[in-house]
There are 2 protein chains.
Amino acid sequence: MVNETRTARQQLVNPLAGPRERYRQQIRAEVQEHAWKQLAEAGASGLSLKAIAKQMGITAPALYRYFASRDDLLTELILSAYRDLAHRVEATTVTGGTPRDRLTAIGTVIREWARDNRHRYLLLYGTPVPGYTAPAEATDLARRIFAPVQDAFSHDPDETLHRSLTFWTRVHGVISLEVAGHFTGMPFDPAQLFASEVLSTLTDLP
Amino acid sequence: MVNETRTARQQLVNPLAGPRERYRQQIRAEVQEHAWKQLAEAGASGLSLKAIAKQMGITAPALYRYFASRDDLLTELILSAYRDLAHRVEATTVTGGTPRDRLTAIGTVIREWARDNRHRYLLLYGTPVPGYTAPAEATDLARRIFAPVQDAFSHDPDETLHRSLTFWTRVHGVISLEVAGHFTGMPFDPAQLFASEVLSTLTDLP
DNA sequence: TAGCTTAGTTATATGGTGTAACTATCGTTA
DNA sequence: TAACGATAGTTACACCATATAACTAAGCTA
């Protein structure tokens, strides 16, 4: 399970590039691996370039050859998380099926991904840093994640946006509180609540 | 509006206490004021005791007379935010009315509070810091905020928890994405979406 | 193989948390 | 009211973090 996400996260190193570029990409990937680990253990505020450098056996300033700044690294992580989620959502969609099936699949895949990658989900949809603005690619990817939902609700154009938003907010409402740990100690099954919430968005859908 | 929340946030200084304690409480309150400002401007990770001290015209170590650590200050802020929200929710409930009225009022007051205090809402319900565990009082306050919702759904005991959770997740789903800025640039009115979501939880309710 | 590019180093500026030891001031009480 | 004790605030310091500058060493390429 862990290995699976690890593999999915791994950067593809372009074999056509020269050895320098290959090496560079490999180090960048390795830095990101360590960064994810830190993010999971200490949150975004605990992410430390110095600590990563130490773990990799180099000095901190060396990392600035690979990432312009701590923020830059964080941006890469955010983009990589968006890409990963977008790929997964899109992968469930290509299989076709009825809108009901597709929306259920989308909901499931997002929740599974969020549960397997709490810190990643929270990085995308949790508390944003006030000053920080995501790069354009992030917005694009967010749209790509949303698009299959809109597509599934497209039978009634007047209602498409509203129903898509409702799907999004209901799905996010459960997942967000679940991965943030706000349900711990409460006597119920989040999976069931989630299923019922997804179902609630499907009325009158084929 | 801002003044209103400012006032609500202000610590009541016990007039019975001696002058030393009075002074102490006043400084503590002043520190928290500055802390809120920083939180709004730079997020939780940008909260700096040193900066607060500078703004207050004292040196950073002096603040440790008032707060054991940065985390301790943050905990105080979290508790104060919970208290504020709990008071507001409870205030809407005492007025009585039908369950529908009460739930609508609760939803409205939470959203208004969240919009007026984005950083506060996100501090309570946004990304948690992995290591951090909230004090017992926080859990109590969270329960107190949830209780009026459960009360409004108490007519059918079998469904109380499920419907209360649904209310919570739907309300949070919209508010969370709204205050995090994920709706910016989208052609729709969050208030309307929110109203429709609250309404959706009220079926068969008197 | 010469030379350029690049990775990584050390040194340093800056800013943050937190502790220790000292000083001055304020309140309380004999 | 004078003296004592508690407390607020200070400086000095240890440690960790980001980030830049200047230098060195290694590797790729022509």
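Residues numbered from 1 in each chain as written. Chains lettered and ligands numbered in written order. Predicted model: local features only at pLDDT ≥ 70, side-chain atom pairs only at ≥ 80, totals over all residues. Heavy atoms only, no water.

### Regarding unusual backbone geometry
All names here are of chain A.
Right, on to step 1. At Asp-204, a residue that is not glycine, the phi angle is positive and equals roughly 65°.
Right, on to step 2. The topology assignment puts Asp-204 in the segment after α9 (190–200).
Right, on to step 3. Of the residues examined, Asp-204 reaches a relative accessible area of 73% and is grouped as exposed. (Helix = DSSP H or I, 4+ residues; strand = E, 2+ residues; numbered from the N terminus. Buried < 20%, exposed > 50% of the residue type's maximum accessible area, 1.4 Å probe, protein only.)

### Things to note about the pattern of salt bridges
Right, on to step 1. Taken as a whole, this structure holds 18 salt bridges over all chains when the rule is applied.
Right, on to step 2. A salt bridge links Arg-170 of chain B to Glu-197 of chain A, with the shortest nitrogen-to-oxygen separation between them at 2.8 Å. Of the two residues, Arg-170 of chain B is situated in helix α8 (residues 157–179) and Glu-197 of chain A in helix α9; the pairing between them involves two chains. Residues Arg-170 of chain B and Glu-197 of chain A agree in their burial class; the two are buried.
Right, on to step 3. Its salt-bridge partner being Arg-111 of chain B, residue Glu-178 of chain B comes within 2.9 Å of it at the nearest N-O pair. Placement of Glu-178 of chain B in helix α8 and of Arg-111 of chain B in helix α5 (residues 99–116) is noted, with a sequence separation of 67 residues between them. (Salt bridge = Lys/Arg side-chain N within 4 Å of Asp/Glu carboxyl O.)

### Remarks on the protein's contact with DNA strand D
Right, on to step 1. Surveying the vicinity of DNA strand D reveals 20 residues, the closest of which are Leu-49 and Arg-70 of chain A together with Thr-59, Arg-65 and Tyr-66 of chain B.
Right, on to step 2. Near the protein, meaning within 4 Å, the atoms of DNA strand D are sugar or phosphate in a fraction of 60%, with bases accounting for the rest.
Right, on to step 3. A distance of 2.6 Å separates a phosphate oxygen of DNA strand D from a polar atom in the side chain of Thr-59 of chain B.
Right, on to step 4. Secondary-structure elements contributing two or more residues to the surface near DNA strand D are α2 (19–42) and α3 (49–56) of chain A together with α2 (19–42) of chain B.
Right, on to step 5. Per-class residue counts for the surface near DNA strand D are ten nonpolar, three polar and seven charged. (Near = heavy atom within 4 Å. Polar contact = N/O pair within 3.5 Å; in protein donor to acceptor, adjacent residues only side chain to side chain. Nonpolar A, V, L, I, M, F, W, Y, C, P; charged D, E, K, R; others polar.)

### Digging into the relation of the copies chain A and chain B
Right, on to step 1. Mapping chain A onto chain B is achieved by rotating through 180° and translating by 0.0 Å along the same axis, at an RMSD of 0.0 Å. Such values leave the two copies arranged in the relation of a two-fold axis. Closest to the rotation axis within chain A is the C-alpha of Gly-173 of chain A, separated from it by 1.8 Å.
Right, on to step 2. Taken as a fraction of all interface residues of chain A, those also at the interface in chain B reach 100%, which identifies the copy contact as same-surface. (Least-squares fit on C-alpha atoms with pLDDT ≥ 70 in both. Contact = heavy atoms within 4.5 Å.)

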